[in-house]
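Overview (structure and organization)
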Amino acid sequence: MAYLYVNLLLKDPETMAAYREKAGAALQKHGAKVLVSTPQQTVIEGTRDATGIGVILEFANADAAKAWINDPDLQETHALRQRAGKSAITLLA
């Protein structure tokens, strides 16, 4: 299994709502599951930049996660997320 950690500092809730309408199908296309999605993140050790909406996604493997982020058919969907706020996506694999 491979996991993605997404941290999104939301700026535009309306654009995020449009992204959420498309995100499920985009994730399903690449066999991903949302394990956690929450605006409540607490750093319990060390320091880091600001936290926002935290999401953990599960993929079958690292290649599936990379295929999701690089899928040319999903670039419009990813662009919605990017316009909704500042995001960082980390592959844990």
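Residues numbered from 1 in each chain as written. Predicted model: local features only at pLDDT ≥ 70, side-chain atom pairs only at ≥ 80, totals over all residues. Heavy atoms only, no water.

**Here we look at the pairing of strand S1 (residues 2-10)**
- Across 7 bridges, S1 lies against strand S3 (residues 53-59) in antiparallel orientation. If you follow Leu4 over to S3, its bridge partner there is Leu57.
- By the bridge criterion, 8 bridges tie S1 to strand S4 (residues 85-92) in an arrangement that is antiparallel. Paired with Tyr3 across the bridge in S4 is Leu92. (Pairing = 2+ DSSP bridges. Helix = DSSP H or I, 4+ residues; strand = E, 2+ residues; numbered from the N terminus.)

**A look at the packing of aromatic side chains**
- In this structure the tally under the stated criterion is 1 aromatic pair.
- Between Phe59 and Trp68, the aromatic rings sit 5.9 Å apart at their centres with planes inclined by 45 degrees, giving tilted as the arrangement.
- Judged by its relative accessible area of 1%, Phe59 is buried. (Phe/Tyr/Trp six-rings, centres within 6.5 Å; stacked < 30°, edge-to-face > 60°. Buried < 20%, exposed > 50% of the residue type's maximum accessible area, 1.4 Å probe, protein only.)

**Structural notes on the environment of Ala50**
- Here Ala50 is to be found in the loop between strand S2 (33-38) and S3.
- For Ala50, the residues in contact, after removing those within four places along its chain, are Asn7 and Leu9. (Contact = heavy atoms within 4.5 Å.)

**Describing the nonpolar core**
- Core analysis: the largest hydrophobic core is formed by 19 residues, its most contacted members being Leu4, Tyr19, Leu27, Leu57, Phe59 and Trp68.
- The set of elements that each furnish at least two residues to this core consists of S1, helix H1 (13-29), S3, helix H2 (62-70) and helix H3 (75-84).
- In terms of residue count, H1 provides more of this core than any other element does, 5 residues in total.
- In contact with Phe59, not counting residues within four places along its chain, are Met1, Ala2, Leu4, Leu27, His30, Ala32, Ala64, Ala65 and Trp68. (Core = buried A, V, L, I, M, F, W, Y, C linked by side-chain atoms within 4.5 Å.)

**So, H3**
- By the burial criterion, the buried members of H3 are Thr77, His78, Leu80, Arg81 and Ala84. Buried residues of H3 fall within an arc of 150 degrees about the axis and therefore sit on the same side. Turned more than 90 degrees off the buried face of H3, the exposed positions are Glu76 and Arg83. (Arc of directions from axis to C-beta.)

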